[in-house]
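Each chain, written out:
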Number of protein chains: 2
Amino acid sequence: MRKEILDLLKTAGDTYISGEEIADKLGVTRTAVWKHIKELRRAGYDIVSQAHSGYALKGAPDVLTPEELAPLLEGSLFGTNILYHEETRSTNEDGKAAANAGAPDGTVVVTEFQGTGHGRLSRGWFCPKGEGVLFSVILRPTSFLPQEAPKCTLLAAVAVARAIRSLGLDVGIKWPNDILAGGKKLVGILTEMSAEMERIHYIVIGIGINVNIAADEFSPDIQDTATSLSILAGHTVDRRQLLAAILHEMETLYIAVQKDGFAPMFDAWRALSVTLGQDVSVLAPGETFEGRALDIDDTGALLVDTAAGRRRVLAGDVSIRPKGWKGKR
Amino acid sequence: MRKEILDLLKTAGDTYISGEEIADKLGVTRTAVWKHIKELRRAGYDIVSQAHSGYALKGAPDVLTPEELAPLLEGSLFGTNILYHEETRSTNEDGKAAANAGAPDGTVVVTEFQGTGHGRLSRGWFCPKGEGVLFSVILRPTSFLPQEAPKCTLLAAVAVARAIRSLGLDVGIKWPNDILAGGKKLVGILTEMSAEMERIHYIVIGIGINVNIAADEFSPDIQDTATSLSILAGHTVDRRQLLAAILHEMETLYIAVQKDGFAPMFDAWRALSVTLGQDVSVLAPGETFEGRALDIDDTGALLVDTAAGRRRVLAGDVSIRPKGWKGKR
């Protein structure tokens with residue numbers, strides 16, 4: 001009912017619509033309408049009322065609820081099923097629980113605030129409530145094997161980078177899935193999987209984006225390495241439009257990958273990469289080495305030419321060395 | 001207490017031990033001893049009693065309980081934590097639940113009967129109660145990546161084949177993990193995993209072995225393709241010894257693989273393989289082809305030489321074509 005009333009108010013635009021008209025159209029009492037209006041106001045909707053004219057919607061809250069997102073979604077898969085939590089511990093944990101309970105391909109879990117959000121290798125990550133875009137997508141691919149699942153984390157990076165670039169902001173991808181602007185980090189992506197050896201049960205891709213975080217809100221230890229879209233843009237960024245754009249990009253890539261394989265997506269990744277062609281330091285499990293990042297191979301691994309020959313990097317941290325930089329820091 | 005009483009009876013061997021002596025040694029009343037003896041009898045232990053002499057253990061039930069298994073285990077990792085269910089739906093489901101709740105590396109789930117046991121690709125599998133060895137092992141490897149997890153299914157096959165061969169029975173491995181005797185199937189292995197892209201949360205390897213199933217107990221549709229160890233041996237096989245032997249082999253291989261990588265284990269697999277060097281039909285996702293199985297590569301994939309060139313098989317069913325066989329069946 002709440003959604004139906006909201007739809008009527010949105011359709012009416014600036015025009016007032018009477019409580020009686022709403023009640024008639026939805027087949028409920030005027031008292032019921034009044035109660036729902038009260039609830040919507042409590043949820044942050046700016047609904048004004050005028051004697052003899054009725055109600056008009058002057059502003060919607062900046063929230064990522066299914067009601068607010070649904071009208072913006074273009075696809076037919078991602079976001080058809082949205083699970084919204086105003087606050088949660090972790091959208092990936094929610095996503096895994098939902099997937100274990102049978103949630104379908106393309107289910108999206110969204111939140112305004114994540115209590116225990118973390119990125120790759122359990123690194124901490126924090127975003128003030130309502131200032132990020134924090135969500136997880138459940139995938140149930142049938143056309144590729146568990147061994148190929150790591151490629152989905154590159155796919156997610158391409159989708160996010162494209163959506164951010166559509167806002168006119170210049171960002172690139174650092175291997176495997178960091179989204180950087182001016183060398184600073186904007187996005188965290190954590191991909192998890194449940195699988196048999198020959199079949200993926202599900203993949204959950206968790207994405208956290210620093211959207212409207214002010215510069216002084218970053219903790220001192222990451223002020224030099226992290227930034228937000230609003231800092232880059234110089235103004236607040238519409239989180240709903242951004243999330244809708246990412247879901248659209250992801251769905252397009254996901255459908256293409258299931259149909260044609262990962263090669264075209266890898267080309268898209270290469271075009272957005274800030275790692276390829278650079279001198280890099282690789283912090284791999286058990287060792288550190290340096291070289292030039294040449295390309296990714298058909299598994300998504302980074303190929304690095306070192307003094308001792310070519311290395312294939314499957315896991316680890318890659319930092320791009322400043323131009324003209326020599327020796328160890 | 002039950003375990004302590006059992007230990008005393010086992011240590012006494014054929015000698016009778018009085019209820020008073022047991023009560024004294026364990027610091028409990030004679031009534032408590034009597035109650036536990038009654039319980040042990042109910043669980044299948046053949047405990048005889050004689051006036052003025054006491055109790056003696058004449059026979060232990062054929063069960064895979066921790067009490068019965070513990071004395072046979074040689075390792076220090078696999079089986080230190082045993083979860084026993086007389087009946088369960090699936091030891092892999094139990095194993096995943098235990099792993100999600102924090103069960104340590106090497107935890108073993110054992111059952112006498114599995115209600116919904118299934119093998120690769122959800123194929124059904126059934127074994128009468130108490131006639132199989134049905135268990136799952138939880139692994140939490142730290143030295144290899146999720147991409148390498150499929151290799152653990154080959155490791156499990158090597159361990160099981162070695163343990164069965166130690167009984168003097170001639171079995172081999174059909175790629176990737178079927179254990180065959182005379183072309184008939186003896187074992188089902190289902191490996192599942194929960195992972196991030198760069199870190200394995202856990203692997204659960206479920207193993208079901210046809211041990212003491214009589215020929216006429218197999219359903220007609222699998223009588224030509226399945227067999228049991230007792231049929232091969234011509235006598236009942238000790239399930240406890242077999243399970244202990246498998247856990248010992250698995251632990252040895254698992255520790256070696258974590259230390260030195262998978263290459264030596266692959267050599268052990270090759271030595272036990274009945275697939276390599278054979279003409280095979282490969283039923284892969286979306287197609288079927290024929291060729292000669294040459295080797296496995298360093299990912300565990302099967303390399304097959306076909307008329308159209310070399311193929312790398314990562315998933316699918318491989319059937320060995322009878323010698324001199326030509327054309328399609």
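Residues numbered from 1 in each chain as written. Chains lettered and ligands numbered in written order. Predicted model: local features only at pLDDT ≥ 70, side-chain atom pairs only at ≥ 80, totals over all residues. Heavy atoms only, no water.

Novice: Quick question: what am I supposed to make of the interface of chain B and chain A here?
Specialist: In many analyses, interface size is given as the accessible surface area lost on bringing the parts together. Each partner contributes to the interface: chain B provides 24 residues, whereas chain A provides 24 residues. Between chain B and chain A lies a buried interface of about 2,200 Å² when both sides are counted; carbon and sulfur atoms form 58% of it. Linking chain B with chain A are zero salt bridges. On the surface where chain B and chain A come into contact, there are six residue pairs in polar contact (both at pLDDT 80 or more). Here the side of chain B that touches chain A takes seven residues from strand 8 (residues 184-196) of chain B, the largest share from any one element. Here the residues of the side of chain B that touches chain A sort into ten nonpolar, eight polar and six charged. Sheet analysis places strand 8 (residues 184-196) of chain A next to strand 8 of chain B, joined by five bridges and oriented antiparallel. Directly across from Ser194 of chain A, in strand 8 of chain B, lies its bridge partner Ser194 of chain B. (Contact = heavy atoms within 4.5 Å. Buried area = accessible area lost by both parts, 1.4 Å probe. Salt bridge = Lys/Arg side-chain N within 4 Å of Asp/Glu carboxyl O. Polar contact = N/O pair within 3.5 Å; in protein donor to acceptor, adjacent residues only side chain to side chain. Helix = DSSP H or I, 4+ residues; strand = E, 2+ residues; numbered from the N terminus. Nonpolar A, V, L, I, M, F, W, Y, C, P; charged D, E, K, R; others polar. Pairing = 2+ DSSP bridges.)

Novice: Sorry, what's going on with the packing of aromatic side chains here?
Specialist: When we look at a pair of aromatic rings, we describe it by the centre distance and by the angle of the planes. With the rule as written, the count across this model stands at six aromatic pairs over all chains. Between Phe144 of chain A and Phe262 of chain A, the ring centres sit 5.0 Å apart and the planes meet at 70°, which makes this aromatic pair edge-to-face. Remark: Phe262 of chain A occurs in the loop between helix 8 (239-260) and helix 9 (263-272) and Phe144 of chain A occurs in the loop between strand 5 (132-139) and helix 6 (151-165); sequence separation between them is 118 residues. Both residues of the pair, Phe144 of chain A and Phe262 of chain A, count as buried. Clustering of aromatic rings is evident, with ring pairs tying together Phe144, Phe262 and Phe266 of chain A. Between Arg311 of chain B and the ring centre of Phe289 of chain B, over which it is positioned, the NZ or CZ distance is 4.2 Å. (Phe/Tyr/Trp six-rings, centres within 6.5 Å; stacked < 30°, edge-to-face > 60°. Buried < 20%, exposed > 50% of the residue type's maximum accessible area, 1.4 Å probe, protein only. Lys NZ or Arg CZ within 6 Å of the ring centre and 35° of its normal.)

Novice: I keep staring at helix 8 (residues 239-260) of chain B and nothing clicks. Help me out?
Specialist: Spacing of three or four residues puts side chains on the same side of an α-helix, whose turn is 3.6 residues. All names here are of chain B. Look at helix 8: 31 Å from first C-alpha to last across 22 residues, which is about the 32 Å you get at 1.5 Å a residue. Those residues of helix 8 that fall on the buried side of the exposure criterion are Arg239, Arg240, Leu242, Leu243, Ala244, Ile246, Leu247, Met250, Glu251, Leu253, Tyr254 and Val257. Following helix 8 by one or two positions, Gly261 has its phi on the positive side, about 90°. (Expected span 1.5 Å × (residues − 1).)

Novice: Help me understand the relation of the copies chain B and chain A, please; the structure alone is not making it clear to me.
Specialist: Put simply, the second copy of the chain is the first one after a rotation about an axis and a shift along it. Superposing chain B onto chain A takes a rotation of 180° plus a shift of 0.1 Å along the axis, which leaves an RMSD of 0.1 Å. When the rotation and shift are considered jointly, the pair of chain copies conforms to a two-fold rotation axis. The residues that chain B uses at the interface reappear at the interface of chain A in 100% of cases, marking a shared surface. (Least-squares fit on C-alpha atoms with pLDDT ≥ 70 in both.)

Novice: Even after reading the chapter, I still don't get the sheet that holds strand 13 (residues 309-313) of chain B, so can you show me in this structure?
Specialist: Within a sheet, adjacent strands bond to each other through the backbone by hydrogen bonds, running parallel or antiparallel. Residues and elements named next belong to chain B. The antiparallel open sheet is built from five strands, whose spatial order is 13-12-11-10-14. Sheet topology places strand 13 and strand 14 (317-320) at the edges, where each strand pairs with a single neighbour. Pairwise comparison of adjacent strand axes, ignoring direction, gives a mean angle of 40° for this sheet. Note: strand 10 (residues 279-284) against strand 11 (residues 287-296), six bridges, orientation antiparallel. The partner of Val280 across the bridge, within strand 11, is Gly291. (Axes fitted to C-alpha atoms, helices over the stretch in contact; angles between N-to-C directions.)

Novice: Quick question: what am I supposed to make of helix 9 (residues 263-272) of chain B here?
Specialist: Listed in full, the buried residues belonging to helix 9 of chain B are Met265, Phe266, Ala268, Trp269 and Leu272 of chain B. For helix 9 of chain B, the buried positions fall inside an angular range of 155° around the axis, keeping them on one side. (Arc of directions from axis to C-beta.)

Novice: Is there a simple way to think about the sheet that holds strand 14 (residues 317-320) of chain A in this case?
Specialist: All names here are of chain A. Pairing within the open sheet is antiparallel, and its five strands lie in the order 13-12-11-10-14. Lying at the two open borders of the sheet, with one neighbouring strand each, are strand 13 (309-313) and strand 14. For this sheet, the mean inter-axis angle between neighbouring strands, taken without regard to orientation, is 40°. Across four bridges, strand 11 (residues 287-296) lies against strand 12 (residues 302-306) in antiparallel orientation. Directly across from Ile296, in strand 12, lies its bridge partner Leu302.

Novice: Would you explain the pairing of strand 12 of chain A in this entry?
Specialist: A regular strand places its side chains on the two faces of the sheet in alternate fashion. Residue and element names in this part refer to chain A. Buried residues dominate strand 12, accounting for four of its five residues. Between strand 11 and strand 12, which pair antiparallel and follow one another directly, the connecting turn spans five residues, one of which, Gly300, has a positive phi of 95°. With five bridges connecting them, strand 12 and strand 13 associate as antiparallel partners. Of the residues in strand 13, the one forming a bridge with Asp305 is Arg310. From the end of strand 12 to the start of strand 13, which pair antiparallel, there are two residues.

Novice: Looking at this structure, how should I read unusual backbone geometry?
Specialist: Comment: phi is negative for the bulk of residues other than glycine, and the bulk of peptide bonds are trans. Residues and elements named next belong to chain A. Cis peptide bonds are those with omega within 30 degrees of zero, and the linkage from Trp175 to Pro176 qualifies with -5°. Its place among the elements puts Pro176 in the loop between strand 6 (172-174) and strand 7 (178-181). Its identity is not glycine, yet His52 carries a phi of approximately 65°, on the positive side. Here His52 lies in the loop between strand 1 (46-50) and strand 2 (54-59).

The quantities given are spatial measurements derived from coordinates; they are silent on function.
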